[in-house]
Structures are given as C-alpha cells and as structure tokens.
Amino acid sequence: ASQTGSNVEDTLYDSGWYLPALAELYQVWKNRTIVDSAMNVLEGTSLSNNYYWSSSESDWVLGHVGYYAKSIDFDNNKVVGHSKNLDEKVRAIHVF
C-alpha cells in the first residue's frame, strides 16, 4: 500500500512496512492513545473509530477460505471477518 505525502520517503523508514496480523493490530488498538499522540507529533493521521484490516485471513464462511480477512472495529474492539472487497481502513506498521 502506498500513501501520497508520506513523511517517510527517502529516510531510513521508507521500506519495511507491512499490514499487521490480527494480534499486531490488536496491540495498535490497545495502545491507540500512545499511537495517536505519536501521530500528532509527526503530523500524521490519528486512528479513527472504524474497522481496520489485518493481514489475517478468516474462514468464517465455510468454503470461502481466502476470500475473507479479519478486521478490528476500533470503536469497540470487535473482531469480524469481512469480505476482502469491502472498503475499509488500513494502518501499516514498521518492522523494529
């Protein structure tokens, strides 16, 4: 995924980004106050109370493995399996 206007282009952090697995995305949700504070300092976009995709696939619909992915609703920490063709938010994370 790419975002125009990225603050990391041509820096040490311009590679190594990936879509987090469900457990990693949960840590982002759990620490969202800290993440939002850091994003504020960096003039980035704060997390919103919406669904965010994880890279974890969901097989909650029998026979459709690979067609659904798990998302977390950042409003209430609800985990759901959604069709990959839905338009939801993503939040890439960086290796450390």
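A short tour of the structure in this document, coming up. The numbering scheme is per chain: residues are counted from 1 as the chain's sequence reads. In view of the model being predicted, local features appear only for residues whose pLDDT reaches at least 70, and side-chain atom pairs are presented and counted only at 80 or more, with totals across whole chains, interfaces and linings using the full set of residues. For side-chain calculations, the full set of non-hydrogen atoms in the structure is used, while hydrogens and water are omitted.

### Quick look at the side chain of R91
So, step 1. Per the convention used, a helix needs a DSSP run of H or I reaching at least four residues, while a strand needs a run of E reaching at least two, with both numbered from the N terminus. Within the element layout of this structure, R91 appears in the loop between β4 (78-83) and β5 (93-94).
So, step 2. Burial classes: relative accessible area under 20% of the type maximum marks a residue as buried, over 50% as exposed, and values in between as partly exposed (1.4 Å probe, protein chains only). The charge count includes Lys and Arg as positive and Asp and Glu as negative, but it does not include His or the ends of the chains. We count a salt bridge whenever a side-chain nitrogen from Lys or Arg sits within 4 Å of a carboxyl oxygen from Asp or Glu. There is no salt bridge for the buried R91, and the closest opposite charge comes from D36, which lies 5.9 Å off by N-O distance.
So, step 3. N or O atoms within 3.5 Å of each other form a polar contact, as long as, within protein, one can give a hydrogen and the other can take it, and as long as residues adjacent in sequence are counted only when both atoms are side-chain atoms. Looking at R91, its side chain comes within polar contact range of the main-chain oxygen of T45, at 2.9 Å.
So, step 4. Polar contacts involving the side chain of R91 include one to the main-chain carbonyl oxygen of S46, which spans 3.4 Å.
So, step 5. Here, residues are in contact when the closest pair of their heavy atoms is within 4.5 Å. Apart from residues lying up to four places away in sequence, R91 is in contact with P20, M39, T45, S46, L47 and Y52.

### Quick notes on the nonpolar core
So, step 1. The biggest cluster of nonpolar side chains holds nine residues, and these are L22, L25, V28, W29, L47, Y52, I72, F74 and I93.
So, step 2. Here this core gets four residues from one element, more than from any other, and that element is helix α1 (residues 22-30). Remark: nonpolar core denotes a set of buried residues (Ala, Val, Leu, Ile, Met, Phe, Trp, Tyr, Cys) joined through side-chain atoms within 4.5 Å.

### Digging into the environment of H82
So, step 1. You can see H82 is positioned in strand β4.
So, step 2. Owing to a relative accessible area of 16%, H82 belongs among the buried residues under this scheme.
So, step 3. When the C-alpha positions of H82 and D59 are compared, they lie 10.0 Å apart, and in sequence the two are 23 residues distant.
So, step 4. A distance of 2.3 Å separates polar atoms of two side chains, one belonging to H82 and the other to E88.

### Remarks on the pattern of salt bridges
Oppositely charged side chains are able to pair whenever their charged atoms sit close together.
So, step 1. All told, the structure shown has one salt bridge when counted by the stated rule.
So, step 2. The salt bridge involving K84 is made with E57; its shortest N-O contact spans 2.6 Å. Placement of the pair is K84 in the loop between β4 and β5 and E57 in strand β2 (residues 51-58), with a sequence separation of 27 residues.

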